[in-house]
Amino acid sequence: TFYNRPMAPSLADKMGMWNNGHNCGRWVQVTIGDYCTGVNDGAMNLPFCRDGAWTTDAYNNATLNMIVADSCGDGNAWCRDDPYHLDLAKDALNRFVKNGTAVGDMDPAHWNNRHISWKFIPAPDYTGDIQLGFLQSAQPYWPAISVSRLANGIHGVEYYQDGTWKSAVMNGDMGQSYIIGGTVEAGTQFQIRVRDVNDQLINDGRVYAFAFPASCATNCNGAYTKVAYTTSTAPVS
């Protein structure tokens, strides 16, 4: 069964750590574990590592910091059955580092869907501030923005409209994208603030003010249109 996204609260046991997108954009530190000498294809209703054994080798304990991008929804058993599974980007596999050096050749001969362990971490060496942009088809009546470059993930976005702060709705299950509103309804000026994964306002409640991009005219055609912003400690009337 494929479960439509976002999932209903009644499907919390299927949702896993992805949490309907709320953990997208967070950093994780991944550590390589044991290698399977048998078949480890993730076939449904069959055990992992069939006709073989889990064994340690030279790649154990290699680490890499990565960003959670989305949710795995394909037919592999680990995606469906393990709420703690990570589906690692293939290009990252040979970038894992051990003793200060990239492993270089773990994939393909030494990968075989290995055991891994992982934990959430704050963005490493974080400096600067967040990045904001409008998504494809965004318009003043549907201002869909993306929030990225986060120090500690994102739990929610609030927008200032008609003198009050309102909670923005997540754009489907896209955990870094929210549908905001203008300072007046259907307006082209915006003020937002962001909450992190601990539900704390980032940067002491910093307010980010920006405008609908002139390059979009009435509708953004590009996949992503970055916008500049100004900041303040309180909304600007």
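This text gives an overview of the structure that appears in the document.

Analysis parameters
All residue numbers refer to positions counted from 1 along the written sequence of the respective chain. Local features are withheld for residues below a pLDDT of 70 in this predicted model, meaning they are given only at 70 or higher, and side-chain atom pairs are given and counted only at 80 or more; totals for whole chains, interfaces and linings count all residues. Where side-chain values are given, they derive from all heavy atoms of the structure, hydrogens and water being excluded. Note that a disulfide, as used here, is simply two cysteine sulfur atoms within 2.5 Å. Numbering of helices and strands starts at the N terminus; helices are DSSP runs of H or I of at least 4 residues and strands are runs of E of at least 2. Grouping buried Ala, Val, Leu, Ile, Met, Phe, Trp, Tyr and Cys residues that are joined through side-chain atoms within 4.5 Å yields what is termed a nonpolar core. Burial classes follow relative accessibility: with a 1.4 Å probe on protein chains only, a residue under 20% of its type's maximum area counts as buried, one over 50% as exposed, and anything between as partly exposed. Contacts are assigned to residue pairs that have any heavy atoms within 4.5 Å of one another. Only strands joined by at least two bridges in the DSSP assignment are considered to pair. Should a side-chain nitrogen of Lys or Arg be within 4 Å of a carboxyl oxygen of Asp or Glu, the pair is scored as a salt bridge. A cavity, in this analysis, means grid points on a 1 Å lattice covering only the protein atoms where a 1.4 Å probe fits yet has no way out; a pocket is instead an open set bounded by protein on both sides within 12 Å along at least five of seven lines, and a residue lines either one if it has an atom within 4 Å of a point. Grid points are joined across faces, edges and corners, and a volume is the space filled by probe spheres set on the points. In this classification, the charged set is Asp, Glu, Lys and Arg, the nonpolar set is Ala, Val, Leu, Ile, Met, Phe, Trp, Tyr, Cys and Pro, and all remaining amino acids, among them Gly, are polar. Whether two aromatic rings pair depends on their centres lying within 6.5 Å, for rings of Phe, Tyr and Trp, where Trp uses its six-membered ring; planes under 30 degrees apart make the pair stacked, over 60 edge-to-face, and the rest tilted. Angular values range over 0 to 180 degrees, each being the angle between N-to-C directions of two axes fitted as lines to C-alpha atoms, with helices fitted over their stretch in contact.

1. As for the state of the cysteines
Right, so step 1: Considering all chains together, one arrives at two disulfides under this definition.
Right, so step 2: Note that cysteine 36 is cross-linked by a disulfide to cysteine 49, the S-S spacing being 2.3 Å. Taking the sign of the S-S torsion, about 100° here, the bridge from cysteine 36 to cysteine 49 comes out right-handed. Here cysteine 49 lies in the loop between strand E2 (35-36) and strand E3 (54-55) and cysteine 36 lies in strand E2, a separation of 13 residues in the sequence.

2. Description of the nonpolar core
Right, so step 1: Grouped together as the largest cluster of nonpolar side chains are 24 residues, with contacts concentrated most on Phe134, Val147, Val157, Ile180, Ile192 and Phe210.
Right, so step 2: Secondary-structure elements contributing two or more residues to this core are strand E8 (131-135), strand E9 (144-148), strand E10 (156-161), strand E14 (189-195) and strand E15 (207-211).
Right, so step 3: The element that contributes the greatest number of residues to this core is E14, accounting for three residues.
Right, so step 4: Leaving out residues up to four positions away in the same chain, valine 157 has contacts with Val147, Lys166, Ser167, Ala168, Tyr178, Ile180, Ile192, Arg193 and Val194.
Right, so step 5: Core analysis: the second largest hydrophobic core is formed by 16 residues, Val30, Val68, Leu88 and Met106 among them.

3. Some thoughts on the pairing of strand E4 (residues 63-67)
Right, so step 1: Only one face of E4 is buried: it carries Leu64 and Met66, and the other face, with Thr63, Asn65 and Ile67, is open.
Right, so step 2: Of the pairings in the sheet, the one linking strand E1 (residues 27-32) to E4 comprises five bridges and is antiparallel in character. Bridged to tryptophan 27 within E4 is isoleucine 67.

4. So, the pattern of salt bridges
Right, so step 1: According to the stated counting rule, one finds six salt bridges in the structure shown.
Right, so step 2: Here arginine 114 makes a salt bridge to aspartate 57, at a shortest N to O gap of 2.6 Å. One end of the pair, arginine 114, is in the loop between strand E6 (101-102) and strand E7 (116-121); the other, aspartate 57, is in the loop between E3 and E4, with 57 residues separating them in the sequence.
Right, so step 3: Through salt bridges that share partners, Glu158, Arg193 and Arg195 make up one connected network.

5. Concerning the layout of surface pockets
Over the atoms, a rolled probe matching the size of one water molecule traces out where space is still vacant.
Right, so step 1: Taken as a whole, the largest pocket spans an internal volume of roughly 770 Å³.
Right, so step 2: In terms of lining residues, the largest pocket is bounded by 34 residues, among which Trp18, Asp70, Ser71, Cys72 and His85 are the most central.
Right, so step 3: Here the lining of the largest pocket takes four residues from helix H2 (residues 77-81), the largest share from any one element.
Right, so step 4: The residue inventory of the lining of the largest pocket, partitioned by class, reads 21 nonpolar, five polar and eight charged.
Right, so step 5: The volume enclosed by the second largest pocket comes to roughly 440 Å³.
Right, so step 6: Around the second largest pocket sit 19 residues that line it, and Trp78, His85, Leu86, Asn113 and Arg114 are the ones nearest its centre.
Right, so step 7: Residues of the lining of the second largest pocket, tallied by class, amount to ten nonpolar, four polar and five charged.

6. A closer look at the packing of aromatic side chains
For any pair of aromatic rings, the description consists of the separation of the ring centres together with the inter-plane angle of the planes.
Right, so step 1: Applying the stated criterion across every chain yields a total of seven aromatic pairs.
Right, so step 2: Plain terms: the ring middles of tyrosine 208 and tyrosine 229 are 5.1 Å apart, the flat faces sit at 85° to each other, and that makes the pair edge-to-face. Taken as a pair, tyrosine 208 in strand E15 and tyrosine 229 in the loop between strand E16 (224-227) and strand E17 (230-232) lie far apart in primary sequence, 21 residues in all.
Right, so step 3: Using a relative accessible area of 25% as the deciding quantity, one classes tyrosine 229 as partly exposed.
Right, so step 4: Within the aromatic cluster, the residues linked to one another by ring pairs are Phe134, Phe190, Phe210 and Phe212.

7. Some remarks on the side chain of asparagine 60
Right, so step 1: Relative to the helices and strands, asparagine 60 resides in the loop between E3 and E4.
Right, so step 2: Take asparagine 60: its relative accessible area is 10%, and that puts it in the buried class.

8. Looking at the sheet that holds strand E13 (residues 174-179)
Right, so step 1: The five strands are arranged E12-E13-E9-E8-E16 in an open sheet whose pairing can be described as antiparallel. The sheet terminates laterally at strand E12 (169-171) and E16, the two strands that pair on one side only. Averaged over all pairs of adjacent strands, the angle between strand axes in this sheet comes to 40°, irrespective of strand direction.
Right, so step 2: Where E8 lies against E9, four bridges are found, and the strand directions are antiparallel. Looking at E9, one finds that glutamine 131 is bridged to serine 148.

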